[in-house]
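A look at the structure
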Amino acid sequence: MEEIKFEVKQTFGTLSETKSGWKTELKLVSWSDRPAKYDIRSWAPDGAKMGKGITMTAEELKKLRDILNEMNI
């Protein structure tokens, strides 16, 4: 299996953390030398491994923000 190439450009914040130290975070990540996108996924304490997540463009993230702002939570 080919190694996944990524570069974390910026970390915005942590949404949750498990007892083992894995954190679900919002980051700006460049995958395989492509333009960076916004990314929500779990990361190992050392940042070398990650779980499944979701990657969004700036427009998609803005739409998600608008949807969340309209919710009654």
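Here, residues in each chain are numbered from 1, in the same order as that chain's written sequence. Local features in a predicted model are, by the rule used here, given only for residues with pLDDT of at least 70; side-chain atom pairs are given and counted only at 80 or more, and totals for whole chains, interfaces and linings are based on all residues. Note: side-chain values were computed over all heavy atoms of the structure, leaving out hydrogens and water.

Considerations on the confidence of the model for the protein chain
How we decide: Per-residue confidence from the predictor is given as pLDDT, running between 0 and 100. Per the convention used, a helix needs a DSSP run of H or I reaching at least four residues, while a strand needs a run of E reaching at least two, with both numbered from the N terminus.
In this model, the protein chain carries an average pLDDT of 95, and 99% of its residues clear a pLDDT of 70 or more. Within the protein chain, strand E3 (residues 37-43) carries the highest mean pLDDT (98), whereas strand E4 (residues 50-56) carries the lowest (96).

Some details on the packing of aromatic side chains
Condition: For Phe, Tyr and Trp, where Trp contributes only its six-membered ring, two rings pair if their centres lie within 6.5 Å, and the inter-plane angle classes them as stacked under 30 degrees, edge-to-face over 60, or tilted in between. The rule is simple: take the accessible area with a 1.4 Å probe, protein chains only, and divide by the maximum for that residue type; under 20% is buried, over 50% is exposed, in between is partly exposed.
This structure, assessed with the given rule, holds 4 aromatic pairs. Ring geometry for Phe6 and Trp43: centres 5.3 Å apart, planes at 55 degrees, overall tilted. Taken as a pair, Phe6 in strand E1 (residues 6-17) and Trp43 in strand E3 lie far apart in primary sequence, 37 residues in all. Residue class for Trp43 comes out buried when judged on its relative accessible area of 1%. With a centroid separation of 6.4 Å and 20 degrees between ring planes, the pair formed by Trp31 and Trp43 is classed as stacked. Of this pair, Trp31 sits in strand E2 (residues 23-31) while Trp43 sits in strand E3, and the two are 12 residues apart along the sequence.

Observations concerning the side chain of Lys27
The condition that has to hold: Polar contacts, as used here, are pairs of N or O atoms within 3.5 Å; protein pairs need one atom able to donate a hydrogen and one able to accept it. Residues neighboring in sequence count only if both atoms are side-chain atoms. We call two residues in contact when some of their heavy atoms are within 4.5 Å.
Relative to the helices and strands, Lys27 is located in strand E2. According to the relative accessible area criterion, Lys27 is buried, its value standing at 8%. Polar side-chain contacts of Lys27 include one of 3.2 Å to the side chain of Glu25. Setting aside chain neighbours within four positions, we find Lys27 in contact with Val8, Gln10, Thr11, Phe12, Lys37, Tyr38, Asp39 and Trp43.

A short note on the side chain of Asp39
Counting through the fold element by element, Asp39 comes out in strand E3. Taking relative accessible area as the criterion, Asp39 reaches 0% and is therefore assigned buried. Side chain to side chain, Asp39 and Trp31 meet in a polar contact 3.5 Å long. Polar side-chain contacts of Asp39 include one of 2.7 Å to the side chain of Arg41. Residues within four places of Asp39 in sequence aside, it is in contact with Glu25, Leu26, Lys27, Val29, Trp31, Ile54 and Thr55.

Structural notes on unusual backbone geometry
The backbone of Ser32 sits at a positive phi, close to 55 degrees, despite the residue not being glycine. For Ser32, the location among the structural elements is in the loop between E2 and E3. Looking at Ser32, the relative accessible area reads 41%, which means it is partly exposed. Unlike most non-glycine residues, Asp33 shows phi in positive territory, near 65 degrees. Among the structural elements, Asp33 can be located in the loop between E2 and E3. Since its relative accessible area comes to 61%, Asp33 is described here as exposed.

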